[in-house]
Amino acid sequence: MEYRQLGASDLKVSGIGFGGWGIGGAPFWNNEGDFASARALLKSVDLGINFFDTAPVYGFGHSERLIGKTLKPVRDRVILATKCGLRWTREEIGSVRRNGKKSSILEEVEASLKRLETDRIDLYQVHWPDPDTPQEETMEALVKLQEQGKIRFVGVSNYDVEQMKACLKKGTLVSLQPEYSLLQRSIEKEIVPFCLEKQIGIIPYSPLASGVLTGKYDKNTKFDDWRSKGILGTFTGEGYVKNVEKVERLKKIAAAMDKTCGQTAINWVLRQPGIATALVGVKNEKQMEENVKATGWEPEPEFQEQIEEIFAPATSAA
Ligand SMILES: NC(=O)c1ccc[n+]([C@@H]2O[C@H](COP(=O)([O-])OP(=O)(O)OC[C@H]3O[C@@H](n4cnc5c(N)ncnc54)[C@H](OP(=O)(O)O)[C@@H]3O)[C@@H](O)[C@H]2O)c1
């Protein structure tokens, strides 16, 4: 496993990070149960993964609880990253609301510390920017938590450049967690250069486009979890069919390199500028065993060109 510096922090994170959304289970994902999830977590530690990302909303507390309990014996060897800023009134997707108010964040952190069975969160990230709260207020809460020693470093997720600039007026951001994969490259134009300039480490989420880049789905696949709900990503309609066609072409390149399609997709993300750790979601230990083999190699230039030809973002006519 390779390790990389996370932005301006002193954290050295593994190139592959564990994405804890799927193991939270319902109502977002179907998974293989807590036993398989716990085994996947422990196998990840054995494979050299030290970065574990979760959020209160993942399974409405379940992902944090499972990670806290399972990783407690190795707490000092792992970096725990969780989030704040999404609240819910019922355990239903439709009741989730953004809330970046200082009072809400100061309350949320206590619940996360308890669920994670720890006295400090290594990286605390705002999950989504709250349009009804000034970013400066949210940041003030995070800086206060840092001063109290409850969190070590501050990051944000799904923020644009202006929102990050507002945060930087009040404190230091060490990371940004955006969606980023061969199929979703919108951060490349403005966000990546800004992060490079400000030493903000990029933690791409959904590097497999939530499974699509593994090549295991086809254009007739009908998802019965959150992917059918139009929350994030492209899992229905013409856009989905076009993506699957691209993935079919990637599969052939991967086979020619003797890699899987998913390994090739994760490997691509890791070779892009500013990337600290690619957050991969897994359902069992086998998936992680396969995914860690995405590190430590580079495609021959001819394959890199072929990949770029398929997935280069369309340039708008000026
Ligand atoms: N900050 C945010 O707003 C945000 C949003 C989304 C995600 N995230 C973070 O990013 C993490 C990863 O995102 P993600 O779960 O959406 O997507 P992902 O990592 O792109 O894809 C995960 C899915 O790919 C499949 N998969 C993974 N490895 C596989 C393998 N070796 N063989 C076959 N299938 C494999 C599994 O699908 P099956 O379920 O079909 O087995 C898994 O659920 C999340 O867990 C979370 O920590 C953050």
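Just so you know, these numbers come straight off a predicted model, no measurement behind them.

Novice: Quick question: what am I supposed to make of the site of the ligand here?
Specialist: Surveying the vicinity of the ligand reveals 31 residues, the closest of which are Asp53, Leu208, Ser210, Tyr217 and Lys283. Glycine 19 is positioned with one of its backbone polar atoms (N or O) 3.2 Å from an oxygen atom of the ligand. Taking leucine 208, its main chain carries an N or O atom lying 2.7 Å from an oxygen atom of the ligand. Taking 900 Å² as the accessible area of the ligand by itself, protein coverage stands at 93%. At the level of secondary structure, the elements contributing two or more residues to the shell around the ligand comprise strand 12 (278-281) and helix 9 (285-291). Of the residues that constitute the shell around the ligand, the class distribution is 12 nonpolar, 13 polar and six charged.

Novice: Whenever I open this one, helix 4 (residues 135-147) confuses me. Can you help?
Specialist: Note that an α-helix has 3.6 residues per turn; residues three or four places apart therefore point the same way. For helix 4, built from 13 residues, the straight-helix expectation of 18 Å at 1.5 Å per residue is met to within 8% by its first-to-last C-alpha distance of 18 Å. Of all the residues in helix 4, the buried ones are Gln135, Thr138, Met139, Ala141, Leu142, Val143 and Leu145. Contacts made by the buried residues of helix 4 are with strand 5 (79-84), helix 3 (102-116), strand 8 (121-126), strand 9 (151-157) and helix 5 (161-168). Of the residues one or two after helix 4, glycine 149 is the one with positive phi, at around 80°.

Novice: I'm lost on the nonpolar core in this one. Help?
Specialist: General note: in soluble globular proteins, nonpolar side chains tend to be found buried as a group. Ranked by size, the top nonpolar core spans 99 residues in total, and within it Phe18, Phe52, Leu71, Tyr124, Leu142, Met164 and Leu213 carry the most contacts. Other than its neighbours up to four places away in sequence, leucine 213 contacts Ser181, Leu182, Leu183, Pro207, Leu208, Val247, Leu250, Cys261, Gly262, Ala265 and Phe311.

Novice: Help me understand the side chain of threonine 277, please; the structure alone is not making it clear to me.
Specialist: Residue position: threonine 277 is located in the loop between helix 8 (261-270) and strand 12. We classify threonine 277 as buried; its relative accessible area is 0%. Only 3.4 Å separates the side chain of threonine 277 from the backbone oxygen of glycine 15, close enough to count as a polar contact. Here the side chain of threonine 277 touches glycine 17 through a polar contact of 3.0 Å, landing on its backbone nitrogen.

Novice: Hey, could you run me through the state of the cysteines in this one?
Specialist: In a disulfide, the sulfur atoms of two cysteines are covalently bonded to one another. In the structure shown here, the tally under the stated rule is zero disulfides. Cysteine 167 provides the cysteine sulfur closest to cysteine 84, a residue in no disulfide bond, and the two sulfurs are 10 Å apart. In this structure cysteine 84 comes out as buried when scored by relative accessible area, which is 1%. Counting only cysteine sulfurs, cysteine 167 is the nearest neighbor of cysteine 195, a cysteine outside any disulfide, at a range of 11 Å.

Novice: Is there a simple way to explain the environment of glutamate 117 in this structure?
Specialist: By the secondary structure assignment, glutamate 117 is in the loop between helix 3 and strand 8. Take glutamate 117: its relative accessible area is 36%, and that puts it in the partly exposed class. Once residues within four sequence positions are removed from consideration, glutamate 117 is found in contact with Gly68, Lys69 and Lys72.

Novice: For this particular structure, what's the right way to read the packing of aromatic side chains?
Specialist: For any pair of aromatic rings, the description rests on two quantities: the centre-to-centre distance and the angle between the ring planes. All chains considered together, the criterion is met by 13 aromatic pairs. Arranged with centres 5.4 Å apart and planes meeting at 50°, the rings of tyrosine 180 and tryptophan 268 form a pair that is tilted. Of the two residues, tyrosine 180 is situated in the loop between strand 10 (175-177) and helix 6 (191-198) and tryptophan 268 in helix 8; the sequence distance between them amounts to 88 residues. Of the two residues examined, tyrosine 180 and tryptophan 268, each falls in the buried class. Between phenylalanine 223 and phenylalanine 235, the aromatic rings sit 5.5 Å apart at their centres with planes inclined by 75°, giving edge-to-face as the arrangement. A residue pair is termed long-range when its members are at least 10 positions apart, and phenylalanine 223 in the loop between strand 11 (201-202) and helix 7 (237-256) and phenylalanine 235 in the loop between strand 11 and helix 7 qualify at 12 residues. With respect to burial, phenylalanine 223 and phenylalanine 235 carry one shared label: buried.

What counts, and at which threshold
- Residues numbered from 1 in each chain as written.
- Predicted model: local features only at pLDDT ≥ 70, side-chain atom pairs only at ≥ 80, totals over all residues.
- Heavy atoms only, no water.
- Near = heavy atom within 4 Å.
- Polar contact = N/O pair within 3.5 Å; in protein donor to acceptor, adjacent residues only side chain to side chain.
- Areas by Shrake-Rupley, 256 points an atom, 1.4 Å probe, with all protein chains shown as cover.
- Helix = DSSP H or I, 4+ residues; strand = E, 2+ residues; numbered from the N terminus.
- Nonpolar A, V, L, I, M, F, W, Y, C, P; charged D, E, K, R; others polar.
- Expected span 1.5 Å × (residues − 1).
- Buried < 20%, exposed > 50% of the residue type's maximum accessible area, 1.4 Å probe, protein only.
- Contact = heavy atoms within 4.5 Å.
- Core = buried A, V, L, I, M, F, W, Y, C linked by side-chain atoms within 4.5 Å.
- Disulfide = S-S within 2.5 Å.
- Phe/Tyr/Trp six-rings, centres within 6.5 Å; stacked < 30°, edge-to-face > 60°.

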